[in-house]
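Survey of secondary and tertiary structure
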Amino acid sequence: MDVLTAARQRIARIFTDFPNVYVSFSGGKDSGVLLELAANEARARGRRLGVLIVDLEAQYQLTEDYLRLMLKRHADVIDAYWVALPLNLRNAVSAFEPQWMCWEPGKEDAWVRPRPEEAIGDEVYFDFFERGMEFEDFVPKFGDWYAQQNGGRMTACLVGIRTQESLNRYRTIASTRKTRHDGLAWTTMITARTFNAYPIYDWRVEDIWIFNGRDNVPYNVVYDRMHQAGLTLHQMRLCQPYGDDQKRGLWLYQLIEPHTWGKVAARVQGAEFGARTAREVGNVSGRIKVTKPDTITWEQFAQNLLESMPPQTGEHFRIKIAVFIRWHQKNNGYTDGVIPDDGPFDKQTPSWKRIVKMMLSYDYWCKEFSMAPPKNKNSYEAYKKRMQIKRQEWGLRGTV
């Protein structure tokens, strides 16, 4: 069976099993194909299809144009929720502004784009919304809200992720710990009445473009501009530009939409520097090579980096480093809290060199150390208070 037939069968299964179905649509190539397939299935069944667009402000005007094109194309079967609300997002190009708020009230003059007329900008529209929510907190709560608005019945969100893109996306499908719908590996339970479904998880990037070409389906023409800029099919990504991985593509704004680039560079601290570094040396994250002065140790280098950071950012990393050292105390026998100064970059061996690499790459949530971002702002504040006490108990308060 080819992947297109398989995807159509999976989408049909979701429509059969779930009274409520909506698509998470970002304006990218994968979610665009998924929206096309899901809308066709909804039309054939005489069903309605929800569409969630979380607009993160700092995106190409071409993407906004494509969003409108697809909503108009399938207007007969879809109910669109174009959300443009003040959410907190990662800013991986500045230690002074580690987070930024899209559509922040009072900063309208600095917004990268005007808020689309169709978008939901009223902060009381959703009863669960709080200004400054994390994106990861908003999305599952929207799913529950959508289910409630539609009779409280079981709801499926179709998500256009492909395992070819990253190991984390492969894990989303392959995990045996998650709760699945009827044992289907390409589904994941999110809340008691909502599931995510990934019907195109086994597509290659080439399959996306074959489908668009053979079926003459509209796509975001920003990908044409990326191709002209020299990117391969596998390098083309669309998302908010200041994230940990996305910052490597900041320089593309200057080529693709120069009129947007000025706003993107001015919107958050560090954007222009990050774009220039990525373009000139290809190593905005310090991941290619890590060096230090010969006159100091890696631990001293780490302490110097911490001292050079703004107090709030430095304290954030001190907490993460303490958790890292404590874990190796308990699991790898470093009972005195002393870890090697130098060592290999592997998961089993702790070292101050690894800590320096993590900070130079500005891995804010320390994914390198298998840590994860908090669920929301409130949980992070509670976490920081708890860690203040724990560091005293562990005897690591003075170490980091």
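Our subject is the structure that appears above.
Summary of the structure given here. (Residues numbered from 1 in each chain as written. Predicted model: local features only at pLDDT ≥ 70, side-chain atom pairs only at ≥ 80, totals over all residues. Heavy atoms only, no water.)

1. Observations regarding the sheet that holds strand β4 (residues 87-90)
Keep this limit in mind: Pairs of strands are assigned from DSSP output, requiring at least two bridges between the strands. A run of DSSP states H or I qualifies as a helix once it reaches four residues; a run of E qualifies as a strand once it reaches two. Both are numbered from the N-terminal end.
The strand order β5-β4-β6 describes an open sheet built from three strands, whose pairing is mixed. Two strands bound the open sheet, and with one partner strand each, they are β5 (99-101) and β6 (133-134). As paired strands, β4 and β6 are joined by two bridges and run parallel to one another. In the strand pairing of β6, Leu87 is matched with Met133.

2. Quick notes on the pairing of strand β3 (residues 78-83)
Along any regular strand the residues' side chains alternate between the sheet's two faces. Heads up, the condition is: Crossover handedness is defined here as right-handed if the route from the first strand over the helix to the second strand goes clockwise, with the strands pointing away from the viewer.
The pairing of strand β2 (residues 49-54) with β3 spans six bridges and is classified as parallel. When the sheet's bridge partners are listed, Val51 is paired in β3 with Ala80. On the question of chirality, the crossover connecting β2 to the parallel β3 by way of helix α3 (residues 61-73) is right-handed.

3. Some thoughts on the packing of helix α12 (residues 311-332) against helix α13 (residues 352-360)
Applicable threshold: Orientation is described by lines fitted to C-alpha atoms, with helices fitted over the stretch in contact, and by angles between N-to-C directions that extend from 0 to 180 degrees. Helix crossings get a hand from a simple test, with the near helix turned counterclockwise from the far one by less than a right angle marking a left-handed crossing and a clockwise turn marking a right-handed one. Contacts: residue pairs with any heavy atoms within 4.5 Å of one another. Here the nonpolar group is Ala, Val, Leu, Ile, Met, Phe, Trp, Tyr, Cys and Pro; Asp, Glu, Lys and Arg are the charged ones; every other residue, Gly included, is treated as polar.
Running from N to C, α12 and α13 point in directions that differ by 145°, and their axes come no closer than 12 Å. Between α12 and α13 lies a crossing of right-handed hand. Counting all contacts with α12, which are made through Phe317, Ile321, Phe324, Ile325 and His328, the residues of α13 involved are Trp352, Arg354, Ile355, Met358 and Met359. Split by residue class, the contact of α12 with α13 holds eight nonpolar, one polar and one charged.

4. Quick word on the side chain of Ser351
The following threshold applies: Think of it in three bands: with a 1.4 Å probe and only protein chains considered, a residue is buried below 20% of the maximum accessible area for its type, exposed above 50%, and partly exposed in between.
Turning to its location among the elements, Ser351 is positioned in the loop between α12 and α13. The exposure class assigned to Ser351 is buried, which follows from its relative accessible area of 0%. With residues up to four places along the chain from it excluded, the contact list for Ser351 reads Phe324, Ile339, Pro340, Asp341, Asp342 and Gly343.

5. Focus on the sheet that holds β2
Taken in spatial order, the six strands of this open sheet run β3-β2-β1-β7-β9-β8, and their pairing is mixed. This sheet does not close on itself; its edge strands, each paired only once, are β3 and β8 (187-191). Adjacent strand axes in the sheet meet at a mean angle of 25° when their direction is disregarded. Of the pairings in the sheet, the one linking β8 to strand β9 (residues 194-197) comprises four bridges and is antiparallel in character. Each bridged residue has a counterpart across the sheet, and for Thr187 the counterpart in β9 is Ala197. Packing of helix α2 (residues 29-45) onto the sheet brings it into contact with β1 (20-24), β2 and β7 (155-158), and relative to β2 it is tilted by some 160°. Running over the sheet, helix α4 (residues 135-149) touches β1, β2, β3, β7, β8 and β9 and is turned about 155° from β1.

6. Comments concerning the pairing of β7
Alternating positions in β7 separate into two faces, Thr155 and Cys157 on one and Ala156 and Leu158 on the other, with burial throughout. Taken together, the four bridges between β7 and β9 define a ladder with parallel strand orientation. Bridge pairing in β9 places Leu158 opposite Ala197.

7. Things to note about α12
In an α-helix, one turn spans 3.6 residues, which is why side chains three or four residues apart end up on the same side. To keep it simple, the criterion reads: What a helix should span is 1.5 Å times the count of its residues minus one.
The first and last C-alpha atoms of α12 sit 31 Å apart over 22 residues, in line with the 32 Å expected at 1.5 Å per residue. The first or second residue beyond α12 is Gly333, which carries a positive phi of 85°.

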